[in-house]
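# Residue-level structural notes
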Amino acid sequence: MSLVNQSRAPRFGAIAAATLVAVTPAWCYADQADIQSEAATLLKNSMTYLSGLQKFSLETHSTIEVVLVDGQKLQFDHDTETIVQRPNRMYAKRLGELAEDEFFYDGKTLTQHFPEAGYYASVEVPDTLEGMLDFATMKLDIVAPAGEFIYSNAYELLMQDVQSGFVVGTPAYVNGAVCDHLAFRGPDTDFQIWIQQGEQPLPRKLVITSRDIMNAPQFSVDLRHWNLEPMVTEDTFQFDAPETTQSIEFMMLAGESE
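The rules behind these values
- Residues numbered from 1 in each chain as written.
- Predicted model: local features only at pLDDT ≥ 70, side-chain atom pairs only at ≥ 80, totals over all residues.
- Heavy atoms only, no water.
- Helix = DSSP H or I, 4+ residues; strand = E, 2+ residues; numbered from the N terminus.
- Buried < 20%, exposed > 50% of the residue type's maximum accessible area, 1.4 Å probe, protein only.
- Polar contact = N/O pair within 3.5 Å; in protein donor to acceptor, adjacent residues only side chain to side chain.
- Contact = heavy atoms within 4.5 Å.
- Expected span 1.5 Å × (residues − 1).
- Arc of directions from axis to C-beta.
- 1 Å grid on protein atoms, 1.4 Å probe; cavity = no way out; pocket = protein on both sides within 12 Å on 5 of 7 lines; lining within 4 Å.
- Points joined across faces, edges and corners; volume = space filled by probe spheres on them.
- Nonpolar A, V, L, I, M, F, W, Y, C, P; charged D, E, K, R; others polar.
- pLDDT = per-residue confidence, 0-100.
- Patch = residues over 30% accessible without salt bridge, like charges linked within 9 Å, V, L, I, M, F, W, Y side chains within 5 Å.
- Areas by Shrake-Rupley, 256 points an atom, 1.4 Å probe, with all protein chains shown as cover.
- Salt bridge = Lys/Arg side-chain N within 4 Å of Asp/Glu carboxyl O.
- Lys, Arg positive; Asp, Glu negative; His and termini not counted.
- Charge placed at Lys NZ, Arg CZ, Asp CG, Glu CD.
- Core = buried A, V, L, I, M, F, W, Y, C linked by side-chain atoms within 4.5 Å.
- Pairing = 2+ DSSP bridges.
- Axes fitted to C-alpha atoms, helices over the stretch in contact; angles between N-to-C directions.

### Re the side chain of T60
Following the sequence through the fold, T60 ends up in strand β1 (residues 55-67). Since its relative accessible area comes to 6%, T60 is described here as buried. A polar contact of 2.3 Å, which involves the side chain of T60, links it to the side chain of T80. Non-local contacts of T60, meaning those with residues more than four positions away in its chain, are made with H78, D79, T80, V221, D222 and L223.

Okay, structure coming up:
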């Protein structure tokens, strides 16, 4: 037995369709083939602001989707804490279903520590945040938490290969912050970003959609609890190995060496 009143279903469908048309913004029907100057300016101002901060800390909650061979999607969540001090200090901690570790970068050495497993690995790296992040990505296959926003040239990196972009809406709200909602598209990847309005244009949310992968999985991250004057010392960024912790070697990507 159907729970739907068949005599009313067509009318309800028509009302729903009319309501959808009424509330759908006009840009949904437009050809977004260009990058709107307003969207580019808002993103650039935010990244320029971040690059000018000498130190900051934040917490994030991220969700990554994984597509199985049969098309089923799985989601995995992680919480992170990140502290950055320019030009060459960083600490990060991740806690989640796929990763439970922390990173120490003191300007010379990058250490990845797995507290629960009881081991760590250290390697000499370049003496800039950008150099360290590139080394970690290309040679160690490690992507730093909130790494997209640590680069001093973050705007250029985010806009590389972008073909279109526009302001989705304003105001938008993320965890109580009043934001501008922007969307950008490249050949294979889309990203949306929510940027806080006002004198501190901090990114508050990022969503990346991989269109070149079956079922277009997404990675989303909420950026919370920004602190632009965190209390840090040199000890914040230096790893002091516990006596019971074992040292191991990083596994370099194929064809890479220190």
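### Considerations on helix α3 (residues 129-140)
Here α3 contains 12 residues, and its C-alpha end-to-end distance of 15 Å stays within 8% of the 16 Å for a straight helix at 1.5 Å per residue. Along α3, the residues that are buried comprise L129, G131, M132, L133, F135, A136 and L140. Those residues of α3 that are buried are in contact with β2 (73-85), β3 (89-96), β4 (100-105), β5 (109-114) and β6 (119-124). Within two residues after α3, D141 carries a phi angle of roughly 60°, on the positive side.

### As for helix α2 (residues 37-51)
Helix length check: α2 (15 residues) gives 21 Å between terminal C-alpha atoms against 21 Å at 1.5 Å per residue, within 8%. Buried within α2 are the following residues: A39, A40, L43, S46, M47 and L50. One side of α2 carries all its buried residues, which in axial view fall inside an arc of 135°. The elements touched by buried residues of α2 are α4 (154-159), β7 (164-174), β8 (177-185), β9 (189-196), β10 (203-210) and β11 (218-227).

### Quick word on empty space enclosed by the protein
Scanning the entire structure with this criterion turns up 1 cavity of 30 Å³ or more. In this structure, the largest cavity spans a volume of roughly 50 Å³. Around the largest cavity, the lining residues are M90, F103, L110, M132, A136, I142, A144 and P145. In the lining of the largest cavity, the residues fall into 8 nonpolar, no polar and no charged.

### Observations regarding unusual backbone geometry
The linkage connecting R86 with the following residue, P87, adopts the cis geometry, with an omega of 10°. Its place among the elements puts P87 in the loop between β2 and β3. Residue P171 is bonded to the preceding T170 through a cis peptide linkage, with omega at 0°. Here P171 is to be found in strand β7. With a phi angle near 50°, H225 is a residue other than glycine that sits in the positive phi range. Position of H225 among the secondary structure elements: in strand β11. Accessibility expressed as a relative area gives 55% for H225, which makes it exposed.

### A few points about the confidence of the model for the protein
Put simply, the protein has an average pLDDT of 87, and 85% of its residues get 70 or more. Mean pLDDT across the elements of the protein ranges from a minimum in helix α1 (residues 9-23), with 36, to a maximum in β8, with 98. Note on residues 1-24: pLDDT under 50 across the span, and 3 contacts to partners over four residues away in sequence or across chains.

### Structural notes on a negative patch on the surface
The grouping of E59, D77, D79, E81 and E97 at the surface amounts to a negative patch. Counting residues per element, the negative patch draws most heavily on β2, which supplies 3 residues. Looking at the secondary structure, you find D79 in strand β2.

### Some points on the nonpolar core
Nonpolar side chains in soluble globular proteins tend to end up buried together. Ranked by size, the top nonpolar core spans 48 residues in total, and within it L43, M90, L110, F184 and I193 carry the most contacts. Broken down by element, this core gets its largest block of residues, 6 residues, from α3. Discounting chain neighbours no more than four positions away, the residues touching L110 are F103, F104, Y105, A121, S122, V123, V125, M132, A136, L140 and F250. With 6 residues, the next largest nonpolar core counts A172, A177, C179 and V207 among its residues.

### Section: the sheet that holds β2
An order of β7-β8-β9-β10-β11-β1-β2-β3-β4-β5-β6-β12 is seen for the 12 strands of this open sheet, with the pairing classed as mixed. One side of each edge strand has no neighbouring strand; the edge strands of this open sheet are β7 and β12 (246-248). Across the sheet, the mean angle from the axis of one strand to that of its neighbour is 20°, orientation sign disregarded. Sheet topology places β7 next to β8; 8 bridges connect them, and they run antiparallel. Within β8, the position partnered with Y173 by the bridge is V178. Sheet strands in contact with α2 are β7, β8, β9, β10 and β11, and its direction is about 115° off that of β8.

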